[in-house]
Amino acid sequence: MKVPLRWLAEYVDLTLPVEDLAHRLTMAGVEVERIERSGGDWDNVYVGLVTAVTPHPNADRLRLATIDTGRGEPQIVVCGAPNVAEGQKVAFAVEGATLIDAHSGERRKLKRSTIRGVESAGMVCSNRELGISDEHDGIRVLPDDLTVGTPLTEALGQTVLDLSLTPNRPDLFAVLGVAREVAALTDRPVRSPSADYPAAAPPIEESAGLSIEAPDLCLRYVAALVRNVKVAPSPDWLQQRLQSAGMRPISNIVDVSNFVMLETGQPLHAFDFDKLAGARIVVRRARAEESLHLLDGTERRLAADQLVIADAERALAVAGVMGGGDSEVSRGTTTVLLESANFHGPSVRRTAAALKLRTEASTRFEKGLNPDLALEAARRATQLLVEIGGGEAHAGFLDAYPGRRDPVVIDVPAKRLHQVLGVDLPRERIVGTLARLGFAVTDSPDGYAVTAPFWRSDVTIADDVAEEVARIVGYDVLPSAPLTGTIPEPQPQPLRRVMAEARDALAAAGLVEVINYALSSADAIERVQPLTSISETPPLGVANPMSAERTLLRTTLRPGLLDTYAANRRHQRGPIGLFEVGRLFLPRDGDLPLERTLAAALYGGPLAPAAPGAEPRLLDFFDAKAIVQALAAAMRLDLDYEPSEDPALVPGHAAALRLDGDSVGLLGQVHPDVCARFEIDDEVYLFELDLDALASRPRPAPRFVEPSRFPAVAEDLAVVVDEATPAAAVERVLLRQKLVESAALFDVYAGAPIPEGKKSLAFAINYRAPDRTLTEAEVARARTGIVRLLQKELGASIRDQ
């Protein structure tokens, strides 16, 4: 929200320097994001008076304008603007001024020049040359009340507060609302604008009708009728107000509705009354297959749950969002019906999102305006239409108010105020602070009875009132005190702990964490697995998706990871390792989705060559398995690997991860067909781990083992086992021998001279005792025991060649 200080000063005296005012507002919860100043580049530009206009002796389209600068002799300039005329106040730039070139858009320093044989002493400027707007059809004509010779920076320069507002304060989306804040902070009165006007025409009920058919979506509708208006450009003061607040002037009728919206926070809309069938307004839901041509030139098909403003025959506007082109005010408009209504905020938000139309009006309605504001804004706008448009107002208003509510009196116990503020403020200070904000305060048996003003729809409970007192008094004034009472016992959160451990372990293994959207689409999910493979129930969809790619709650982390991998592969030559710890949502029939938390990772690409000139090695299954083993070690998991199948993985290159016999994840190579759907050429390996399953399981506590001071005995052992016997089964037997410190598989071989149906597994074994150096005899006995166990449990034999 942009708040020009000149406009703000019309409603409240500004007694603080702008920087101090911005600080006070920010400390009171009205954040001033930045202070903008216009006119800073208008050095050597002054208010001038055109005293004469004569033809150029050597050019038919040029004229010579004599300018009184108020700073010495009049100056003659060559001017091609069609609207320059004697008696005008203009922006006159002298030599040395920096202006915007109207053709190139670049800033250039003005120099004296000779045009068709006549020396031009300066330039009479347009809006574009001054940087005010893109208008360059003619020169900028200044108000008559400006003093000749005044620097343009002083005459037109603006200081604007750019506010970053929270959704709970719709009153601050209005200059008058900000004025109330300033008045409360500086203890100054607010000067509310006049809304008095003569009602010269007959009562409005004799000329127009109103009905609300959807009272749940329209809480109040106020309409005013003004006849004999003249549509024309707005006066300079009104155009300047709109431009300084970031809006473009259009015509006096439209500008009045925009001005009052910025002033009061209440959106308004003007209809050409003569284009309304039946001379009546009907507020209703859209009909089936109804469409509407909007002011932005588009044709929109409406849904049955969207509210429209209609006449007796057709829809005229999308309520709270945008008006229609069939009833817009034009040059030929003579009678204006002015709408000032209050619409259901969530309904306006849904409609604006569905139509992809976010306007200044919808932004305000979404935040929940008070219906009482509608009549106040209608009075003010009608007064301006009579004053600026030269019209005659019909007496009264059409006012349907199905959402009428009595003002809520908030009981604020003094004890609660002390509890929230942490200090006992004098009663006079509390009442005075609230009164400056517009609150009505009376005594109650245990404190205060407070009634919020109609513009403060966000204040509903005692703590809201306490916050108002605190922020106006000043948070820095309130004393700081240490917390009292017993610190609550920490609540165990095993899932959060497991998630943190998984993140730390995967990052330590060299993978990079990514965070993808929890929303996906049916197309993205089906690129990795059919939707029906997850559940017969379709995934839960979003009622108002922001885009076609974000329509469903994701049922897998794979599409997001593969998309991210593909995006990074286009910019990176080496290996890529990505992981995500996030939730997926498994659909359930007749119930909300089942939420599961997974750690998932992708790993693939070429490693750097081991030596100069060598070929780079591609990452393989065992590189990915090494990361899983590092993760398992860090999380103290004794994982087993079993062959598995998954439609997204290569058959024979996939393993289920089991913990105590239960499946807790998988590891495997992503199928080339799946990779191709994401435009990935690498061999990519996928790992998934169900963190919910781990969070509910006991795990051994971390245990420190003192490193042995005695040397290890290293020995290789090759055993022949059935082809179906996993290496992990052999490894478990090896590790059961108490002297075996570690056993690492380093070779797998099948073929002659190994019998058919068998394979050879070679392990590097380290023997070590914690209290002594092992002898050869002890190692031999340990080896004999291992061989005996292998033969007994796995039918293994020692490979002798």
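Up top you'll find the structure we're talking about.
So, here's what we can say about the structure.

## A few points about the overall build of the chain
And step 1. For the chain, the helix and strand inventory stands at 21 helices and 42 strands.
And step 2. What you see for the chain is a C-alpha radius of gyration of 39 Å, clearly larger than the 28 Å of a compact globule of 801 residues, by over 25%.
And step 3. If you line up the chain on its principal axes, its C-alpha atoms span 120 × 85 × 60 Å.
And step 4. Partitioning the intrachain contacts of the chain with sequence separation of at least 6 by distance along the chain shows that 69% fall at a separation of at least 24.

## Examining helix 5 (residues 175-186)
And step 1. The end-to-end C-alpha separation of helix 5 is 16 Å, in line with the 16 Å expected for twelve residues at 1.5 Å each.
And step 2. Among the twelve residues of helix 5, twelve are classified as buried, and the element is accordingly described as predominantly covered.
And step 3. Among the residues of helix 5, those classed as buried are Val175, Leu176, Gly177, Val178, Ala179, Arg180, Glu181, Val182, Ala183, Ala184, Leu185 and Thr186.
And step 4. With its phi angle positive at about 55°, aspartate 187 sits one or two positions after the end of helix 5.

## Some thoughts on helix 16 (residues 558-569)
For an α-helix the count is 3.6 residues per turn, leaving residues at separations of three or four pointing the same way.
And step 1. Between the first and last C-alpha of helix 16 there are 16 Å, a value that for twelve residues agrees with the 16 Å anticipated at 1.5 Å per step.
And step 2. Taken as a whole, helix 16 has its buried residues at Arg558, Pro559, Leu561, Leu562, Thr564, Tyr565, Ala566 and Arg569.
And step 3. Where helix 16 is buried, its residues meet helix 15 (522-526), strand 33 (576-588), strand 34 (591-604), strand 37 (662-670), helix 18 (672-677) and strand 38 (684-690).

## A closer look at the sheet that holds strand 22 (residues 315-318)
Each strand in a sheet pairs with its neighbour through backbone hydrogen bonds, running either in the same direction (parallel) or in the opposite one (antiparallel).
And step 1. Strands sit in the order 15-18-21-22-23 across an open sheet of five strands; the sheet is mixed. Strands at the two margins of the open sheet, each flanked by one partner only, are strand 15 (209-212) and strand 23 (322-323).
And step 2. Summarising the sheet, strand 15 and strand 18 (residues 280-285) pair through four bridges and their orientation is parallel. Looking at strand 18, one finds that serine 211 is bridged to valine 282.

## Looking at the pattern of salt bridges
And step 1. Scanning the model with the defined rule gives 56 salt bridges in all.
And step 2. We note a salt bridge from aspartate 101 to arginine 108, for which the minimum N-O separation is 3.3 Å.
And step 3. Within this structure, Arg169, Asp171, Glu181, Arg456, Asp458, Glu468 and Arg471 form a network of salt bridges that share partners.

## Some words on the nonpolar core
And step 1. Formed by 78 residues in total, the largest nonpolar core has its most connected members in Leu8, Leu161 and Leu163.
And step 2. Here this core gets nine residues from one element, more than from any other, and that element is helix 10 (residues 373-389).
And step 3. Within the second largest apolar cluster, 39 residues are counted, among which are Ile212, Cys218, Leu225 and Val318.

## Some remarks on the packing of helix 7 (residues 252-264) against helix 10
And step 1. With their axes 9 Å apart at the nearest point, helix 7 and helix 10 run at an angle of 140° to one another. For helix 7 against helix 10, the interelement crossing comes out right-handed. Only Leu373, Ala377, Arg380, Ala381, Leu384, Leu385, Ile388 and Gly389 of helix 10 make contact with helix 7, whose side of the interface consists of Asn252, Ile253, Val256, Phe259, Val260, Glu263 and Thr264.
And step 2. Among the residues forming the contact of helix 7 with helix 10, the class breakdown is ten nonpolar, three polar and two charged.

## Examining the pairing of strand 41 (residues 758-767)
And step 1. Along strand 41, seven of the ten residues are buried, which leaves the element largely enclosed by surrounding structure.
And step 2. In this structure, strand 39 (residues 713-722) lies alongside strand 41, joined through ten bridges in antiparallel fashion. For valine 721, the partnering residue across the bridge sits in strand 41 and is lysine 759.
And step 3. Pairing analysis gives eight bridges linking strand 40 (residues 740-749) to strand 41, with the strands arranged antiparallel. Each bridged residue has a counterpart across the sheet, and for valine 748 the counterpart in strand 41 is leucine 761.

## What to know about empty space enclosed by the protein
Over the atoms rolls a probe the size of a water molecule, and in doing so it shows where empty space is left.
And step 1. The final tally for this structure, using the stated rule, is four cavities of 30 Å³ or more.
And step 2. Around the largest cavity, the lining residues are Leu511, Ala601, Leu602, Tyr603, Ala624, Ile627, Val628, Tyr685 and Phe687.
And step 3. Every element with two or more residues in the lining of the largest cavity is listed here: strand 34, helix 17 (621-634) and strand 38.

## Regarding the layout of surface pockets
And step 1. In this model, the largest pocket occupies a volume close to 1,600 Å³.
And step 2. Forming the walls of the largest pocket are 39 residues, and the residues nearest its centre are Lys625, Gln629, Tyr641, Ala728 and Glu731.
And step 3. When contributions to the lining of the largest pocket are tallied by element, the ones reaching two or more residues are helix 17, strand 35 (640-643), strand 36 (649-659), helix 20 (727-736), strand 40 and strand 41.
And step 4. Among the elements that line the lining of the largest pocket, the one with the most residues is helix 17, at seven residues.
And step 5. Counted by class, the lining of the largest pocket contains 25 nonpolar, four polar and ten charged residues.

## Focus on the environment of leucine 161
And step 1. Relative to the elements of secondary structure, leucine 161 occurs in strand 13 (residues 159-164).
And step 2. Given the relative accessible area of 0%, leucine 161 is considered buried.
And step 3. Residues leucine 161 and glutamate 33, spaced 128 residues apart in sequence, show a C-alpha to C-alpha distance of 7.7 Å.
And step 4. Dropping the residues within four chain positions of it, leucine 161 is found in contact with Met1, Lys2, Val3, Leu5, Val18, Leu21, Leu25, Val32, Arg34 and Ile35.

## Considerations on the sheet that holds strand 28 (residues 440-444)
And step 1. The three strands are arranged 27-29-28 in an open sheet whose pairing can be described as antiparallel. One side of each edge strand has no neighbouring strand; the edge strands of this open sheet are strand 27 (409-413) and strand 28. Taking the axes of each pair of neighbouring strands and ignoring which way they run, one obtains an average angle of 30° across the sheet.
And step 2. Across the sheet, helix 11 (residues 414-421) touches strand 27 and strand 29 (447-451), and the angle it forms with strand 27 is around 70°.

## What to know about the packing of aromatic side chains
And step 1. Taken as a whole and judged by the stated rule, the model has five aromatic pairs.
And step 2. Ring geometry for tryptophan 237 versus phenylalanine 259: centroids 5.6 Å apart, planes at 90°, classification edge-to-face. Remark: phenylalanine 259 occurs in helix 7 and tryptophan 237 occurs in helix 6 (residues 236-244); sequence separation between them is 22 residues.
And step 3. Through pairs of rings, three or more aromatic residues link up here, namely Trp7, Trp237 and Phe259.
And step 4. Note that arginine 180 overlies the ring of tryptophan 455, its terminal NZ or CZ placed 3.7 Å from the centroid.
And step 5. The ring of tyrosine 641 carries lysine 625 above its face, with NZ or CZ at 4.6 Å from the centroid.

## Overview of the side chain of histidine 394
And step 1. Position of histidine 394 relative to the elements: it lies in strand 25 (residues 392-395).
And step 2. With residues up to four places along the chain from it excluded, the contact list for histidine 394 reads Ala199, Ala201, Pro202, Pro203, Ile204, Ser207, Leu225 and Arg227.

## Digging into unusual backbone geometry
And step 1. Following alanine 752, the chain continues to proline 753 via a peptide bond in cis, the omega torsion being 5°.
And step 2. Tracing the backbone through its elements, the reader meets proline 753 in the loop between strand 40 and strand 41.
And step 3. The residue arginine 116 is not glycine, and still its phi comes out positive at about 55°.
And step 4. Overall, the relative accessible area of 54% leaves arginine 116 in the exposed class.
And step 5. You will see that arginine 636, though not glycine, has its phi angle at about 60°, which is positive.
And step 6. Checked against the element boundaries, arginine 636 lands in the loop between helix 17 and strand 35.

## Details of the environment of alanine 199
And step 1. Inspection of the secondary structure puts alanine 199 in the loop between helix 5 and strand 14 (201-203).
And step 2. Residues alanine 199 and glycine 396, 197 residues apart in the sequence, show an inter-C-alpha distance of 7.9 Å.

## Details of the side chain of serine 126
And step 1. Here serine 126 lies in the loop between strand 11 (122-124) and helix 3 (127-130).
And step 2. Polar contacts involving the side chain of serine 126 include one to the side chain of histidine 136, which spans 2.9 Å.
And step 3. Filtering out sequence-adjacent residues up to four positions away, serine 126 remains in contact with Glu135, His136, Gly138, Ile139 and Arg140.

How each quantity is defined
- Residues numbered from 1 in each chain as written.
- Predicted model: local features only at pLDDT ≥ 70, side-chain atom pairs only at ≥ 80, totals over all residues.
- Heavy atoms only, no water.
- Helix = DSSP H or I, 4+ residues; strand = E, 2+ residues; numbered from the N terminus.
- Rg over C-alpha atoms; globule rule 2.2 N^0.38 Å.
- Contact = heavy atoms within 4.5 Å.
- Expected span 1.5 Å × (residues − 1).
- Buried < 20%, exposed > 50% of the residue type's maximum accessible area, 1.4 Å probe, protein only.
- Pairing = 2+ DSSP bridges.
- Salt bridge = Lys/Arg side-chain N within 4 Å of Asp/Glu carboxyl O.
- Core = buried A, V, L, I, M, F, W, Y, C linked by side-chain atoms within 4.5 Å.
- Axes fitted to C-alpha atoms, helices over the stretch in contact; angles between N-to-C directions.
- Left-handed = near helix turned anticlockwise from the far one by under 90°.
- Nonpolar A, V, L, I, M, F, W, Y, C, P; charged D, E, K, R; others polar.
- 1 Å grid on protein atoms, 1.4 Å probe; cavity = no way out; pocket = protein on both sides within 12 Å on 5 of 7 lines; lining within 4 Å.
- Points joined across faces, edges and corners; volume = space filled by probe spheres on them.
- Phe/Tyr/Trp six-rings, centres within 6.5 Å; stacked < 30°, edge-to-face > 60°.
- Lys NZ or Arg CZ within 6 Å of the ring centre and 35° of its normal.
- Polar contact = N/O pair within 3.5 Å; in protein donor to acceptor, adjacent residues only side chain to side chain.

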